[in-house]
Protein chains: 2
Amino acid sequence: MIRQELINPKSIVVVGASNNVQKPGGKILKNIIDHKYNGQLFVVNPGSDIVQGIKSYPSVDELPDKIDLAILAIASHLCPDAVDTLANKKGVKAFIIISAGFAEESKEGAMLEHRIVDTINSVNGSLIGPNCTGVFNTNYAGIFTTPIPEPNPHGCDFITASGATGVFIVDLCIVRGLPFSSIYSVGNSAQLGVEDILEYMDETFDPLTSSKVKLLYMENVKKPQKLLKHAQSLISKGCKIAAIKSGYSEAGSRAAASHTGAMITADIGVDALFKKAGIVRCYGRDDLVTVASIFMHKELTGKRLAIITHAGGPAVMLTDALSHSNIEIPPLKGEKAQELLSYLFPGSSVNNPIDFLATGTAEQLGIILDYCENEFDDIDGMVVIFGSPGLFPIFDVYNVLHEKMLTCKKPIYPILPCEIEVGEEVKDFISKGHVRFPDEVLFARGLISVFNTPKPQLNITLPEVDKNTIRNIINNSNDGFLPPAMVSQLLDAAGIPRAKEIVVSDIKEIDNALREISYPLVMKVVGPIHKTDVGGVVLNVETKEQLLSEFERLMKIQDAKGVLLQPMLSGLELFIGGKKEGDFGHIVTAGLGGIFVEVLKDIQTALSPITFDEALTMIHNLKGYKLIKGVRGSKGVDENVFANIIQRVSALMTIAPEIAEMDINPLLGNGSNIIAVDVRINIVKH
Amino acid sequence: MIRQELINPKSIVVVGASNNVQKPGGKILKNIIDHKYNGQLFVVNPGSDIVQGIKSYPSVDELPDKIDLAILAIASHLCPDAVDTLANKKGVKAFIIISAGFAEESKEGAMLEHRIVDTINSVNGSLIGPNCTGVFNTNYAGIFTTPIPEPNPHGCDFITASGATGVFIVDLCIVRGLPFSSIYSVGNSAQLGVEDILEYMDETFDPLTSSKVKLLYMENVKKPQKLLKHAQSLISKGCKIAAIKSGYSEAGSRAAASHTGAMITADIGVDALFKKAGIVRCYGRDDLVTVASIFMHKELTGKRLAIITHAGGPAVMLTDALSHSNIEIPPLKGEKAQELLSYLFPGSSVNNPIDFLATGTAEQLGIILDYCENEFDDIDGMVVIFGSPGLFPIFDVYNVLHEKMLTCKKPIYPILPCEIEVGEEVKDFISKGHVRFPDEVLFARGLISVFNTPKPQLNITLPEVDKNTIRNIINNSNDGFLPPAMVSQLLDAAGIPRAKEIVVSDIKEIDNALREISYPLVMKVVGPIHKTDVGGVVLNVETKEQLLSEFERLMKIQDAKGVLLQPMLSGLELFIGGKKEGDFGHIVTAGLGGIFVEVLKDIQTALSPITFDEALTMIHNLKGYKLIKGVRGSKGVDENVFANIIQRVSALMTIAPEIAEMDINPLLGNGSNIIAVDVRINIVKH
């Protein structure tokens, strides 16, 4: 749906442009002119003949045919007719509507918006907006806000669902030195949304010329599968993506809904989707810009950093901040370390942090970086912290940093803590294409989130399951909870080990049942859904006398159709759940039962279909993981078997998308013997 | 030990000053002159007659008598003699030594440092440094680094143990608009350290003229009790204190040790001390400056904020960031809210966040702030987010903000997201005495840590315990673990409920014992410390036959002196511990037993003596708190009784400081019946 006329228009008309550059229509024309658009420019404004030096047409009807792109900055109620004329009479195919007063404001506005979309769809056109700030790329600055960055094809591509938030993020990026390749403000996303722009970037991706860094600001995820597909694809092509999805809390979600009419999307789905896609999730502007700045550096391929500093304090704070992560600051020892030390002033330390003192020189920094690059094999990247107490200029230091950043294969992250006394040096450093990290602790938090975001796995192999049987059972089932026999068949078809069980509906069948399972037993009423609430579960039945008397009692419970007999099992209580979350698909949950889920909410989630590694990661991230490993003599649970069962639940739901919800709780684990004890599966067919 | 000559010197000599302002000695003189010091200035430099326009003496011997303050910027090995002459012959009482090359570098340096301190102590003098950047206050700029803020008596007092870190923090403060009253760089703290400066600020505190905001950067806490006392005292006088104690992780602690020779202090003590003192703990420069900026505003006396914005996105992110805290963004409803809405443009929202749109005006902002101040009783403070898309200047908006910040009784926190297009407006706003918060999410994190730091409680009432009995037992005990009988007596004297127990050392005593306690029983060998490891604990003894045979077995264990009999109790497993952490005193720990402590490290700590509120807060902050409240029908544990027992442990250790360590584990709780089952107390007398 994204046309070249939108991306690289040979001609643009700004409808509603004026000489008043304090208004969006005037400002967007000024920005297009100022940023040296080299196509043809047209203006529609009934009140002037010439606007900002450009001939103005009194109405869209007077315009020449086949202008590539129309930017509308007129009152919302005037837009549908203007779009109609432009699309149907003038052959315009691409539109940016910056005007507000549409779906975000009222029902009437939503109707105007619908009409516009219908018109543009009917000519296979593209629409950005309405209620947006516009589009900026290397071809034109079709955006009414400032500041506008210098376009750089290797800068960031930034897609934002909030125009003002976009401005604030761009402002911070420019201050830090982050370049931009494009900015798309999608506003109400009436036709094209964040996901569609990303799809376009994926489909037109060129490894040589395309930007490798994508930044997203979203308040809802309307097309989760499209986002997942293209984010995974772009990342697999070498891109890096960071995104804010705001409104993740209930209160924030309400705030977002009142602000943009955004739907409330369950954050559990967003989180699972980002993890699966390999998108680094950010929670604020500084956070996003820090992560984007990390993206602009060479890739950190290992987890071992050298911290190089002329000031001890920040290095200590950085070491602290990285201490609860997987990133390591390995001590540097041995001959080479001693050799390096000999180049530094007395009192310096090469333990890592490498502290070359307040008196440390540019030359020493160069030597340290060379040693880290060439001599220390257990170092994967370097962080350099260098500010100034204001005694003399430090251009020489930042120049060494610049040169080594170009030549070293390992990434070098520059923490430049000072603004006031070394403003010129920082400006010069940034002008050479670098980014400034002002704070070591905020840098560490960003680096940890980049490092902890898994790479997407494109080819997911699920365990083999009996697809035909599963489809047969589902096809023959009705909406609602499946009866126990069908649940058992489904589990067997999916290869999920389950407790042996026999349903007895007549007291005469008990003797037969006892030939197959032995005491102690568990008895559960069949029929009622909430068995515990109606006293329908009896544990630890050890004698026939007890078995018979409980059977009679259970069969008297309302809706009782029979009694299920199971051996009484013991082991570590686990659970696996699955739930369909609208267009996100199935979210699989797993964890430890009992207080872990009830008190500690110790639940891990992933978006189905799930790889074995994803299942293992879920298990490893549980707070109670030590119990699975085994504590104090208990042998725990084989995590590979548990992960396999999680994958089998995912496989089952992939083949049976009609499963709206399923719960295996508990699943009892003893070493590699993990057995589903109680399972509920709810079917919803549409 | 801090003399007026250091704080407000009538005369200063800079020993080692030169015309080279790229060196510390030259720069510190320049800074003193540039910042309009109005006392007498002297210089010692053997190579020049005039230095920076000031007469220079060839040596300290030639100086006139009774100069108030000497600043030394000469090689470390020259310092001891110079100090000797100045202190003993010239009557100088206050010293700042900025030279490095002392204890931080070598043993020889440490000896030089010792000699200097001895000399200065012998004349009751004051010493700042060595290895520091100096002192800045409203009287003089005796600091060699820049930037130097404009002195403001109501700005921050900042004490830093790292000169360079201090520079970086000051730089950021100036950029954000934070004013300073004083900066002390204590360097090696050879005589005066962070705690001593804070003591001075406490003892000379004047509610009218003294600064109310203290910022600390520390890499170790040498004098914890002094820090606690004066931080509590200052806060009780209306001050606010924020501090970074870096080196909190093991790796960070090693980094700090190699940087300053700082001792490794257990972070558990630092954390408990900060909580008790009411110090807001910060973890990075941006964090500290954000908290300091919050301190500069009126106090937020309640937890309900209004978020006022012209851009939806940041308000959503801010709402998200506050959502897991105690701070609320209550919806605004009713007549007054509707009235307010009528002043705003169509599409605005007053739900809270109050979004008055990108087109919102300064006048509207004023009206909104007036409503929040005067009409909405359920609002305790306001956050205003206002940047600019660059269309026109926004001086009018920031002026309204400025005026309302002066007149409103509720705090107004300004989030100003833009730097580039509204740089002049931001500069103007800051010049009026305000602070800029650039990022709403970082602001939220700072506000949460301020809000979550408890106020210090100065008068701690501990539960009444039998002091004489406790002292008698302790006085009659030896180093090592106390025998069970003495433990029981101590618990009884401290009012800590314990399981009934009888020690039997002869099989003939068993019948007598059975008259006092009944089956089921627990049997524990007396003598060996690690009873479980030697098979010395038997649970659930139900018959006399079992009792007798186990007795015989237990008495054969090495070191067995008897067997302790207790009733077998059940209940929620809790624990309380106490440990002496050097000069920090006793740290009390409490939590839930079993997997909570073993797997989840769910432990809360506090510095003894502990108030009832502190004990309750410990309980409330446990991850497993829901189990204490009672889940799924279990009645849980009476938290007031648990808190009282925590306090009694604290009281016991306060009276018996010889207790190096004690453990009550488990403590079994059933409702208000909480009973110590297994208790170990280790005595170390010095």
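Position numbers for residues start from 1 in each chain and track the written sequence from start to end. Chain labels run from A onward and ligand labels from 1 onward, assigned in the order the entries are written. Totals for whole chains, interfaces and linings use every residue, but because this is a predicted model, local features are given only for residues with pLDDT of at least 70 and side-chain atom pairs only at 80 or more, for both listing and counting. Heavy atoms from the whole structure form the basis of all side-chain values; hydrogens and water molecules are not counted.

1. What to know about the environment of Ile507 of chain B
All names here are of chain B. Its place among the elements puts Ile507 in the loop between β20 (502-504) and α19 (510-516). Overall, the relative accessible area of 35% leaves Ile507 in the partly exposed class. Between the alpha carbons of Ile507 and Ile576 there is a distance of 34 Å; along the sequence they are 69 residues apart. Contacts are assigned to residue pairs that have any heavy atoms within 4.5 Å of one another. Among all residues touching Ile507, those that are not within four sequence positions of it are Leu548, Phe551 and Glu552. Starting at the N terminus, helices and strands are each numbered in turn, a helix being any DSSP run of H or I of at least four residues and a strand any DSSP run of E of at least two. Only protein chains enter the area calculation, which uses a 1.4 Å probe; residues under 20% of their type maximum are buried, those over 50% are exposed, and those in between are partly exposed.

2. Here's the deal with the relation of the copies chain B and chain A
Both copies of the chain are related through a single rotation about an axis accompanied by a shift along the same axis. Superposing the copies works by least squares over the C-alpha atoms of residues that have pLDDT at least 70 in both of them. Once turned by 180° and shifted 0.0 Å along the axis, chain B lies on chain A with an RMSD of 0.1 Å. Such values leave the two copies arranged in the relation of a two-fold axis. Most of the interface of chain B is mirrored in chain A, where 100% of its interface residues are also at the interface.

3. Structural notes on the sheet that holds strand β17 (residues 381-385) of chain A
Residues and elements named next belong to chain A. Should DSSP find at least two bridges between two strands, the strands are taken to pair. What the 4 strands build is an open sheet, ordered β16-β15-β17-β18; its pairing is parallel. Every other strand in the sheet has two partners, leaving β16 (354-355) and β18 (412-415) as the edge strands with one partner each. Looking at chain direction, strand β15 (residues 305-309) and β17 are connected through 5 bridges and run parallel. Within β17, the residue paired with Ile307 across the bridge is Val383.

4. With respect to empty space enclosed by the protein
Space inside and on the surface of the protein is sampled on a 1 Å grid over the protein atoms alone, with a cavity defined as a set of points where a 1.4 Å probe fits but cannot get out and a pocket as an open set with protein on both sides within 12 Å along at least 5 of 7 lines; lining residues have an atom within 4 Å of a point. Grid points are joined across faces, edges and corners, and a volume is the space filled by probe spheres set on the points. Scanning the entire structure with this criterion turns up 7 cavities of 30 Å³ or more. Computed from the structure, the largest cavity encloses a volume of approximately 340 Å³. What lines the largest cavity is a set of 24 residues, among which Leu172 and Arg176 of chain A together with Arg176, Glu419 and Pro438 of chain B lie closest to the centre. Partitioned by chemical class, the residues of the lining of the largest cavity number 10 nonpolar, no polar and 14 charged. Amino acids are sorted into nonpolar (Ala, Val, Leu, Ile, Met, Phe, Trp, Tyr, Cys and Pro), charged (Asp, Glu, Lys and Arg) and polar (every other residue, Gly among them).

5. Some details on the interface of chain B and chain A
Taken residue by residue, the interface counts 86 residues in chain B and 86 residues in chain A. When the two sides are added together, the surface that chain B and chain A hide from each other amounts to roughly 6400 Å², 62% of it contributed by carbon and sulfur. Two parts placed together each lose some accessible area under a 1.4 Å probe, and adding up what both lose gives the buried area. Of all residues in chain B, the largest losses of buried area upon contact with chain A belong to Phe168, Arg285 and Leu391 of chain B, amounting jointly to 10% of the total for that side. Note on definitions: salt bridges are taken to be side-chain nitrogens of Lys or Arg within 4 Å of carboxyl oxygens of Asp or Glu. Summed over the shared surface of chain B and chain A, the result is 2 salt bridges. In this structure, the salt-bridge partner of Arg285 of chain B is Glu440 of chain A, at a minimum N-O distance of 2.7 Å. We call two N or O atoms a polar contact when they sit within 3.5 Å, provided that within protein one can donate a hydrogen and the other can accept it, with sequence-adjacent residues counted only if both atoms are side-chain atoms. Where chain B touches chain A, the interface holds 24 residue pairs in polar contact (both at pLDDT 80 or more). Elements with a contribution of two residues or more to the side of chain B that touches chain A: α2 (24-34), α5 (163-176), α8 (250-260), α10 (285-295), α11 (312-322), α16 (440-452), α21 (595-598) and α23 (625-629) of chain B.

6. Some words on the environment of Gly347 of chain A
Tracing the chain through its elements places Gly347 of chain A in the loop between α12 (335-341) and β16. Classification of Gly347 of chain A as partly exposed rests on a relative accessible area of 40%. In this structure, the C-alpha to C-alpha distance between Gly347 of chain A and Leu357 of chain A, residues 10 residues apart in sequence, is 7.5 Å. In this structure Gly347 of chain A touches Leu357 of chain A together with Glu105 of chain B, once residues within four positions along its chain are discounted.

7. Some points on the sheet that holds strand β2 (residues 40-44) of chain A
Residues and elements named next belong to chain A. The strand order β3-β4-β2-β1-β5-β6-β7 describes an open sheet built from 7 strands, whose pairing is mixed. Unpaired on one side and paired on the other, β3 (50-51) and β7 (126-128) mark the two borders of the sheet. Helix axes use the C-alpha atoms of the stretch in contact, all axes being lines fitted to C-alpha atoms, and the angles between their N-to-C directions lie in the range 0 to 180 degrees. The strands that helix α2 (residues 24-34) touches are β1 (11-15), β2, β3, β4 (54-57) and β5 (69-72); relative to β1, the one it contacts most, it runs at about 160°. The strands touched by helix α4 (residues 107-122) are β6 (94-97) and β7; relative to β7, the strand with the most contacts, the crossing angle is about 145°.

8. With respect to the nonpolar core
Nonpolar core, defined: a set of buried Ala, Val, Leu, Ile, Met, Phe, Trp, Tyr and Cys residues in which side-chain atoms within 4.5 Å join the residues together. Residues Ile470, Phe642 and Ile646 of chain A together with Ile470, Phe642 and Ile646 of chain B are the most contacted members of the largest nonpolar core, which totals 102 residues. When residues no more than four places from it in sequence are discounted, the contact partners of Ile470 of chain A are Val465, Leu490, Ala493, Ala494, Leu652, Ile655 and Ala656 of chain A. Judged by nonpolar contacts, the second largest core, of 57 residues, contains Ile28, Val186 and Leu192 of chain A together with Leu391 of chain B.

9. Section: the packing of aromatic side chains
Residue and element names in this part refer to chain A. Pairing of aromatic rings covers Phe, Tyr and the six-membered ring of Trp, with a centre-to-centre limit of 6.5 Å; geometry is then stacked below 30 degrees between planes, edge-to-face above 60, and tilted otherwise. On inspection of all chains with the given rule, the structure shows 20 aromatic pairs over all chains. Their ring planes at 45° and their centres at 6.2 Å tell us that Phe158 and Phe180 sit as a pair that is tilted. Here Phe158 is found in strand β10 (residues 151-160), whereas its partner Phe180 is found in strand β11 (residues 180-185), with 22 residues between them in sequence. Arranged with centres 6.4 Å apart and planes meeting at 70°, the rings of Tyr413 and Phe437 form a pair that is edge-to-face. Placement of Tyr413 in strand β18 and of Phe437 in the loop between α15 (423-431) and α16 (440-452) is noted, with a sequence separation of 24 residues between them. For the pair shown, Tyr413 and Phe437 are each scored as buried. Of the aromatic side chains, those joined through ring pairs into one cluster are Tyr343, Tyr371 and Phe376. Here Arg281 stacks its cationic end above the ring of Phe274, 5.6 Å away from the centre of that ring. Geometrically, a charge over a ring is one whose NZ (Lys) or CZ (Arg) sits within 6 Å of the ring centre while staying within 35 degrees of the ring normal.

10. As for unusual backbone geometry
As a rule of thumb, non-glycine residues mostly have phi less than zero, and peptide bonds are mostly trans rather than cis. The residue after Tyr519 of chain A, namely Pro520 of chain A, is reached through a cis peptide bond having omega -10°. In this model, Asn124 of chain B sits at a positive phi of 55°, which is unusual for a non-glycine residue. Within the secondary structure, Asn124 of chain B is located in the loop between α4 (107-122) and β7 (126-128).

11. Some remarks on the packing of α10 of chain B against α16 of chain B
All names here are of chain B. Interaxial distance between α10 and α16 falls to 9 Å at its minimum, and their mutual angle equals 70°. Here α10 lies roughly perpendicular to α16, going by the angle between them. For the pair α10 and α16, the crossing hand works out as right-handed. Only Leu442, Phe443, Gly446, Leu447, Ser449 and Val450 of α16 make contact with α10, whose side of the interface consists of Asp286, Thr290, Val291, Ile294 and Phe295. Within the contact of α10 with α16, the residues separate by chemical class into 7 nonpolar, 3 polar and 1 charged. Any angle from 65 to 115 degrees is called roughly perpendicular, while one under 35 is roughly parallel, one over 145 is roughly antiparallel, and all others are oblique. A clockwise turn of the near helix away from the far one marks a right-handed crossing, whereas an anticlockwise turn of less than a right angle marks a left-handed crossing.

12. Some thoughts on the packing of helix α11 (residues 312-322) of chain A against α16 of chain A
Residues and elements named next belong to chain A. Where α11 contacts α16, the axes come no closer than 9 Å and their chain directions differ by 25°. When the axes of α11 and α16 are compared, the pair comes out roughly parallel. Relative to α16, the crossing made by α11 is right-handed. Side by side, α11 and α16 meet where Pro314, Met317, Leu318, Ala321 and Leu322 of the first sit next to Glu440, Val441, Phe443, Ala444 and Ile448 of the second. Taken together, the residues of the contact of α11 with α16 break down into 9 nonpolar, no polar and 1 charged.

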